[in-house]
Amino acid sequence: MTGGPQVMNWTVEQDHQNMMDQLGIRALRPGPSGNEKAPDHANYDESKANPFPDLPDALTLENGKKVMTAAEWWHERRPEIVENFEREVLGRVPRNVPQVTWTVTSTVNSKAGVFPVIEKHLVGRVDNSSCPSISVDIQMTLVTPGNANGPVPVMMMFSSAAFLQRMAEMMAKRPELKAMMGTDPPATEQLIAHGWGYAFIDPGSIQADNGAGLTKDIIGLTNKGQPRKPDNWGALRAWAWGASRGLDYLETDKAVDAKRVGIEGVSRFGKAALVTMAFDSRFTVVLVGSSGEGGAKPHRRNFGEAVENLTGSGGYHWMAGNFLKYGAAEASFGSKNAGDLQVDSNELIALCAPRLTFISYGIPEKGDAKWLDQQGSYMAAVAAGPVFRLLGAKDLPVTDDYHSAKMPAVNVGLLEGQLAWRQHDGGHTDAPNWKYFIPWTDRFLNYQAAVWQLPADQPVFRTDANSLVAHSQLLAKAKQGVTGVYFEGDSISRRWGATDYPELLANWKQNFFGWNAADFGWGADQTQNILWRLENGELDGVNPKVVVLLAGTNNVGNTSVHDDANVRADDVTRGLQAIVRVIQTKAPAATIIVTGLFPRNDSMSFMPVIDRINGNLSKIADGQKVRYLNINNKLADDDGRLFDGMMNASDKLHPTTKGYQIWADALKPVLTELLGSPAAVDLAPPPTGDPSAPR
């Protein structure tokens, strides 16, 4: 083809040098090394971290006037900040950027975990008539819950199905990577469980993540294959532009509540998520994961990654060409450094105000390296607070000035306002924070989803954060000590051996000490939730000799299921049978003691269901490896009315110490038969409790 635009096929080094030449830069300062053993390693000495201690004041105009009203912010100060970021840091989106036409290439019924979903695959074709040799087809996948009865909120994520598959394969080969992610269900499943949809937008289909791609993809298309000018956009702004085009489509899809669309990313895509939110006010919420330099980390901080790392050939493509000036050691204009920048990350965060902005980090011990400067990012979030307050939103509940503000303890979230912070105890990921992020967002958006109704034998996790934290604690407990007797169930089981019920725990120890008994129950669980916990590691490698199971009463009490007593009882029975099968698979040497559901008098209408379930349970026992134990005739009369003092007077559901003792008296002969007399020492793992209980 002759006569048309020609694409420059430069290497990264050639393109980087070309930008230096345009700017009159003869030499750049090298960025510090992330290897702490290297002689040029990054600074991690807090006493040297603030050579430019003052961040730009987001509420002071360039003429020195203080911004006092929301109108002054929107009409005067915000445009100044945007202009500085566009000119010097992130680059400008060209005026000639072409149109995007979206096409749904397929729609299929699928599943996210156990949840039925509708999955749409889309291509956003960018008009390339100005340079036909460069094609840009933005890849996006939209997934919405199958039980939705109307438009749902959607979280857009910088990712792709192929990337997630590669991550899954890597984690299967490298357990340390899986440990870095934490123990929670995938974010996609949590979103669907909460009634949200999600969209993957593939950043690589928008703009390549390297300098050699700057004459290609969307940046190259707008430049007709030629190198960038100094104020042209970099990859961060291009990815953000692509996300905005994805939102253009979501605004047309009737399955999506386009007023409740968020954006998320981790690491370099955490930077991109923050940039997206800052520049497109249509996005309602952002989750900024481990973003570091170019994201929430202040450029002015000399801690970990530095400006010079983003002006070198490895990271310059993320930024505008003009950003190289701030790494210049020798240039026609002299030299510049981070202190010469007119803007900083606190103002990038401030551009998100007053919308929901959640800054997330992990811990260096799990791989979220000090390089990212968690402390500096926290300082920037604190410094952004006055803009949120000016616009009527709540910022971080911090009274200290950002200069002296110290991060909260790990796993202590600041989630009271529209600006939120939480450092989790995982690695370079935001996975452990989703269980907090979704309810936080729901609360501010006043969103309540349609309730999922799943069969009792379908494993499914609890969506509340406290239950997922409890799961992680029980996983840790499963790896401790020696468990001879494994108690499984809901709150009736859990309270007996829990630290937050000291009187019941004393009774537990009195009855079971020497048998290495450990309690793995969790309050409010239905059979579906117990199945999920068992299938996700809580019994793996434990090898108990006896498993005591009491569960199902929460299924009986689920009044949102309106089937008759027989249908409900049969459903619960199938759930309990599924639990027994999982226990047999994971602990084949164990004898299972299936305990009949206890009477409950909070509603006598439950008793026919309980009686039918217990009748069914008696039939699954073989008298050897599966035993059936029913003590209800000692707890209640023939009509199911509780004897005095057996259950809490307040709820008529949970046993008192007297009720638990009756259960213990029935269990001990069986345990003696199977295990012999209790030993003089007990090797069971230490008891746990409700993570949210007061310490």
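Refer to the preceding data block for the structure.
These notes cover the structure that comes with them.

## A closer look at the overall build of the chain
Turning to step 1, where the next piece is worked out: When you go through the chain residue by residue, the secondary structure sums to 21 helices and 16 strands.
Turning to step 2, where the next piece is worked out: For 695 residues, the compact-globule estimate of 2.2 N^0.38 gives 26 Å, and the chain sits close to it at 29 Å.
Turning to step 3, where the next piece is worked out: For the chain, the spread of C-alpha atoms along the principal axes amounts to about 95 × 55 × 50 Å.
Turning to step 4, where the next piece is worked out: Across the 695 residues of the chain, 58% fall into the buried class.
Turning to step 5, where the next piece is worked out: Considering only contacts within the chain whose residues lie at least 6 apart along the sequence, 75% involve residues at least 24 apart.
Turning to step 6, where the next piece is worked out: For the chain, the accessible area works out to roughly 27,700 Å², and carbon and sulfur atoms hold 51% of it.
Turning to step 7, where the next piece is worked out: Side-chain charges in the chain split into 67 positive and 77 negative, and the spacing between the mean points of these groups amounts to 1 Å.

## Examining the packing of helix α2 (residues 70-90) against helix α8 (residues 268-279)
Turning to step 1, where the next piece is worked out: Two numbers describe how α2 lies on α8: the axes approach to 12 Å, and their chain directions differ by 140°. In terms of orientation, α2 lies oblique with respect to α8. Two packed elements cross with a definite hand, and for α2 against α8 that hand is left-handed. Facing R78, V82, F85, E86 and L90 of α2, the residues of α8 in contact are V275, A278 and F279.

## Examining a nonpolar patch on the surface
Turning to step 1, where the next piece is worked out: Judged by side-chain polarity, V482, V681 and L683 come together as a nonpolar surface patch covering roughly 260 Å² of accessible area.
Turning to step 2, where the next piece is worked out: You can see V681 is positioned in the segment after α21 (657-675).
Turning to step 3, where the next piece is worked out: The exposure class assigned to V681 is exposed, which follows from its relative accessible area of 54%.

## Things to note about the nonpolar core
Turning to step 1, where the next piece is worked out: W73, I218, L250 and I349 are the most contacted members of the largest nonpolar core, which has 100 residues in total.
Turning to step 2, where the next piece is worked out: Ranked by residue count, the leading element in this core is helix α7 (residues 235-250), at ten residues.

## Quick look at α21
Turning to step 1, where the next piece is worked out: Of all the bends in α21, the greatest reaches close to 30° and is centred on L667; the proline P669 follows between one and four positions later.
Turning to step 2, where the next piece is worked out: Among the residues of α21, G659, Y660, I662, W663, A664, A666, L667, V670 and L671 are the ones counted as buried.
Turning to step 3, where the next piece is worked out: Backbone geometry just downstream of α21 places G676 in the positive-phi region, at approximately 85°.

## Here we look at the packing of aromatic side chains
Turning to step 1, where the next piece is worked out: By the definition in use, this model includes 30 aromatic pairs.
Turning to step 2, where the next piece is worked out: Taking 6.3 Å as the distance between ring centres and 80° as the angle between the ring planes, the aromatic pair formed by W196 and Y447 counts as edge-to-face. Linking W196 in the loop between α5 (187-193) and β6 (197-201) with Y447 in the loop between α12 (434-445) and α13 (465-478), this pair joins segments that are 251 residues apart in sequence.
Turning to step 3, where the next piece is worked out: An angle of 85° between the planes, with centres 5.4 Å apart, marks the rings of W434 and F437 as edge-to-face. With a gap of three residues between them, W434 and F437 both fall in helix α12, about one helical turn apart. The burial state of W434 is the same as that of F437; both residues are buried.
Turning to step 4, where the next piece is worked out: Of the aromatic side chains, those joined through ring pairs into one cluster are F487, W496, W508, F512, F598, Y660 and W663.
Turning to step 5, where the next piece is worked out: Above the face of the Y44 ring, K370 is positioned so that its terminal group lies 4.6 Å from the ring centre.
Turning to step 6, where the next piece is worked out: In this structure, K477 packs its charged tip against the face of F520, placed 5.2 Å from the ring centre.

## Thoughts on the pairing of strand β2 (residues 100-112)
Turning to step 1, where the next piece is worked out: Where β2 lies against strand β3 (residues 115-126), twelve bridges are found, and the strand directions are antiparallel. Each bridged residue has a counterpart across the sheet, and for N109 the counterpart in β3 is I118.
Turning to step 2, where the next piece is worked out: What sits between β2 and β3 in their antiparallel hairpin is a turn of two residues, with G113 showing a positive phi close to 65°.

## Some remarks on the pairing of β6
Every regular strand shows the same layout, with side chains that alternate between the two sheet faces.
Turning to step 1, where the next piece is worked out: With five of five residues buried, β6 lies mostly within the body of the structure.
Turning to step 2, where the next piece is worked out: Alternating positions in β6 separate into two faces, G197, A199 and I201 on one and Y198 and F200 on the other, with burial throughout.
Turning to step 3, where the next piece is worked out: Strand direction decides the pairing type here: strand β5 (residues 152-158) and β6, joined by five bridges, are parallel. Bridge pairing links M156 to A199 in β6.

## Quick look at the pattern of salt bridges
Opposite charge on two side chains permits them to pair, given that their charged atoms come into close proximity.
Turning to step 1, where the next piece is worked out: Enumeration over the complete set of coordinates arrives at 38 salt bridges.
Turning to step 2, where the next piece is worked out: Between R77 and E80 there is a salt bridge whose closest N-O contact spans 2.9 Å. Pair noted here: R77 and E80 are both in helix α2, with a separation of three residues, about one helical turn.
Turning to step 3, where the next piece is worked out: Linking D231 and R92 is a salt bridge whose minimum nitrogen-to-oxygen distance equals 3.1 Å. Here D231 is found in the loop between α6 (217-222) and α7, whereas its partner R92 is found in the loop between α2 and β2, with 139 residues between them in sequence.
Turning to step 4, where the next piece is worked out: Given a relative accessible area of 26%, D231 falls into the partly exposed group.

## Quick look at the environment of A42
Turning to step 1, where the next piece is worked out: Tracing the chain through its elements places A42 in the loop between β1 (25-28) and α2.
Turning to step 2, where the next piece is worked out: Along the primary structure A42 and V152 are separated by 110 residues, whereas in three dimensions their C-alpha atoms are 45 Å apart.
Turning to step 3, where the next piece is worked out: What A42 contacts, discounting residues up to four positions off in sequence, is P32, S33, G304 and W371.

## As for the environment of W73
Turning to step 1, where the next piece is worked out: Inspection of the secondary structure assignment puts W73 in helix α2.
Turning to step 2, where the next piece is worked out: W73 gets classed as buried once you look at its relative accessible area, which sits at 0%.
Turning to step 3, where the next piece is worked out: C-alpha separation for the pair W73 and N601, spaced 528 residues apart in sequence, amounts to 60 Å.
Turning to step 4, where the next piece is worked out: When sequence neighbours within four positions are dropped, the list of residues in contact with W73 reads A58, L59, V67, R78, P79, I81, A350, L351, V387, L390 and L391.

## Examining the sheet that holds strand β7 (residues 256-266)
Turning to step 1, where the next piece is worked out: Strand order in this open sheet of nine strands is β2-β3-β4-β6-β5-β7-β8-β10-β11, and the pairing throughout is mixed. On the outer flanks of this sheet lie β2 and β11 (419-423), each paired with one strand and no other. Pairs of neighbouring strands in the sheet enclose a mean axial angle of 20°, with direction left out of account.
Turning to step 2, where the next piece is worked out: On the sheet, α7 packs against β2, β3, β4 (137-145), β5, β6 and β7 and is oriented at approximately 155° with respect to β5.
Turning to step 3, where the next piece is worked out: Together, β5, β7, β8 (285-289) and β10 (356-361) form the strand contacts of α8, whose direction differs from that of β7 by roughly 145°.

Cut-offs and rules
- Sequence order as written defines the numbering, with residues in each chain counted from 1.
- Since the coordinates come from a predicted model, pLDDT governs what is reported: local features require at least 70, and pairs of side-chain atoms require 80 or more to be given and counted, while whole-chain, interface and lining totals use all residues.
- Values shown for side chains rest on all heavy atoms present in the structure; no hydrogens or waters enter the calculation.
- In this description a helix means any DSSP run of H or I spanning at least four residues, a strand means any run of E spanning at least two, and both kinds are numbered starting from the N terminus.
- C-alpha atoms define the radius of gyration, and 2.2 Å times the number of residues to the power 0.38 defines the globule rule.
- For every residue, the accessible area obtained with a 1.4 Å probe (protein chains only) is divided by the maximum for its type, and the residue is called buried under 20%, exposed over 50%, and partly exposed between those limits.
- Residue contacts are defined here by distance: any two heavy atoms, one from each residue, within 4.5 Å place the two residues in contact.
- Each accessible area is a Shrake-Rupley result for a 1.4 Å probe, and residues are judged covered by the shown protein chains and nothing else.
- A residue counts as positive if it is Lys or Arg and as negative if it is Asp or Glu; His and the chain ends are not included.
- The atom standing in for a charge is NZ when the residue is Lys, CZ when it is Arg, CG when it is Asp and CD when it is Glu.
- Comment: axis = line fitted to C-alpha atoms, over the contacting stretch for helices; angle = value between 0 and 180 degrees taken between N-to-C directions.
- These descriptions rest on fixed angle ranges, namely under 35 degrees for roughly parallel, over 145 for roughly antiparallel, 65 to 115 for roughly perpendicular, and the rest for oblique.
- Crossing handedness follows the turn of the near helix against the far one: under a right angle anticlockwise gives a left-handed crossing, and clockwise gives a right-handed one.
- Like charges within 9 Å and nonpolar side chains (Val, Leu, Ile, Met, Phe, Trp, Tyr) within 5 Å are joined into patches, using only residues over 30% in relative accessible area that form no salt bridge.
- Here, a salt bridge means any side-chain nitrogen of Lys or Arg that lies within 4 Å of a carboxyl oxygen of Asp or Glu.
- Here, the term nonpolar core denotes a set of buried Ala, Val, Leu, Ile, Met, Phe, Trp, Tyr and Cys residues that are joined through side-chain atoms within 4.5 Å.
- Consider a residue and the seven residues that end there alongside the seven that start there; fitting an axis to each set, the bend is the angle between those axes.
- Aromatic rings from Phe, Tyr and Trp, with only the six-membered ring used for Trp, were paired whenever their centres fell within 6.5 Å, and each pair was classed as stacked if the ring planes differed by under 30 degrees, edge-to-face if by over 60, and tilted otherwise.
- Ring-over charges, as used throughout, are those where CZ of Arg or NZ of Lys falls within 6 Å of the ring centre and within 35 degrees of the ring normal.
- A pair of strands is labelled paired if DSSP reports no fewer than 2 bridges between them.

Read these as layout, nothing more, since geometry by itself doesn't imply function.
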